[in-house]
Amino acid sequence: MDIELFSRYFLATFFLMIGVLFSCRVLGQQQRGGYAVIHYGASRSGTWWHRQLFNLFRAAILGICVMRVLWPETDAWLGILGWLYQPLVLSAGILLLLIAFGLVSFIQGFLGSDWRSGIDTSHPPPLITEGPFRYSRNPTYIAVMLAQLGFFMALPSLFSLVCLVVGVVVLIRQAHSEERELEQLHGPAYRAYCEQVPRWLVR
């Protein structure tokens, strides 16, 4: 099997499994904790729109990747960038997706029962400043951005480029929104943390 065909099947399997694993994790944690772990924020607020847009693109990515396996002619609609559609680039994209998946899994495992998606004001988790949070205030978002870059490289196209740009913008805006809420929840402790640790990896 050549790398182009492998990448096609890998992407469909990868994003399908991501959807299954994320859904099962959410359901399991909610069942044990007795409260929701996904938080969109107030209806039609900035964070609500961020998550709606992110979910829309996530569904589109899964749908496109599955369609590419069932109907390879789907590529004609995606605006494939032929000058990037090379074995080395596709391989690097697959590797980045695997690395990003490992990082996200590690961070969520590190957080354990304190993991949330969004800010939970009714059951706020403690302020985590250890482990990967010693280097960045948003290590999960960095890993997700890495995955978005990996997706673009594993499927170099106008479609994946739009997903990359929109995804990064949404994550940056979401990080700013969540940090404002965290400051309200944790006050001086969070402000002191922000002075010591950058939002991303460098100030």
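Data block above holds the structure.
Residues numbered from 1 in each chain as written. Predicted model: local features only at pLDDT ≥ 70, side-chain atom pairs only at ≥ 80, totals over all residues. Heavy atoms only, no water.

Trainee: Would you explain the overall build of the protein chain in this entry?
Mentor: What the protein chain contains, in helices and strands, is seven helices and zero strands. Ordering the α and β elements of the protein chain from the N terminus gives α-α-α-α-α-α-α. Taking 17 Å as the expected radius of gyration for a compact globule of 203 residues, we find that the protein chain reaches 18 Å, a close match to that expectation. Taking the principal axes of the C-alpha coordinates as reference, the protein chain spans close to 55 × 40 × 30 Å. Burial statistics for the protein chain: of 203 residues in total, 40% are counted as buried. Within the protein chain, contacts between residues at least 6 apart in sequence are counted, and of these 75% link residues at least 24 apart. Carbon and sulfur atoms provide 67% of the accessible area of the protein chain, an area that totals close to 11200 Å². Each charge class in the protein chain was averaged separately, 15 positive and 12 negative side chains, and the resulting centres sit 5 Å apart. (Helix = DSSP H or I, 4+ residues; strand = E, 2+ residues; numbered from the N terminus. Rg over C-alpha atoms; globule rule 2.2 N^0.38 Å. Buried < 20%, exposed > 50% of the residue type's maximum accessible area, 1.4 Å probe, protein only. Contact = heavy atoms within 4.5 Å. Areas by Shrake-Rupley, 256 points an atom, 1.4 Å probe, with all protein chains shown as cover. Lys, Arg positive; Asp, Glu negative; His and termini not counted. Charge placed at Lys NZ, Arg CZ, Asp CG, Glu CD.)

Trainee: Honestly, the packing of helix H1 (residues 3-33) against helix H4 (residues 87-111) in this entry has me stumped. Any pointers?
Mentor: It is the contact of H1 with H4, at a shortest axis distance of 10 Å, that shows an interaxial angle of 15°. Relative to H4, the element H1 is oriented roughly parallel. Judged by the sense of rotation from one axis to the other, the crossing of H1 with H4 is left-handed. For the pair H1 and H4, contact is made by Ile3, Glu4, Phe6, Ser7, Phe10, Leu11, Phe14, Phe15, Ile18, Leu21 and Arg25 and by Pro87, Leu90, Ser91, Ile94, Leu97, Leu98, Phe101 and Gln108, respectively. (Axes fitted to C-alpha atoms, helices over the stretch in contact; angles between N-to-C directions. Parallel < 35°, antiparallel > 145°, perpendicular 65-115°, else oblique. Left-handed = near helix turned anticlockwise from the far one by under 90°.)

Trainee: Help me understand the nonpolar core in this model?
Mentor: If you look at soluble globular proteins, the nonpolar side chains tend to sit buried side by side. One finds Leu11, Phe15, Ile61, Cys65, Leu97, Phe151 and Phe159 to be the most contacted residues of the largest nonpolar core, which totals 20 residues. Elements supplying a minimum of two residues to this core: H1, helix H2 (46-70), H4, helix H5 (139-154) and helix H6 (158-186). The greatest single-element share of this core, amounting to five residues, is contributed by H1. With ten residues, the next largest nonpolar core counts Val26, Phe133, Cys194 and Val197 among its residues. (Core = buried A, V, L, I, M, F, W, Y, C linked by side-chain atoms within 4.5 Å.)

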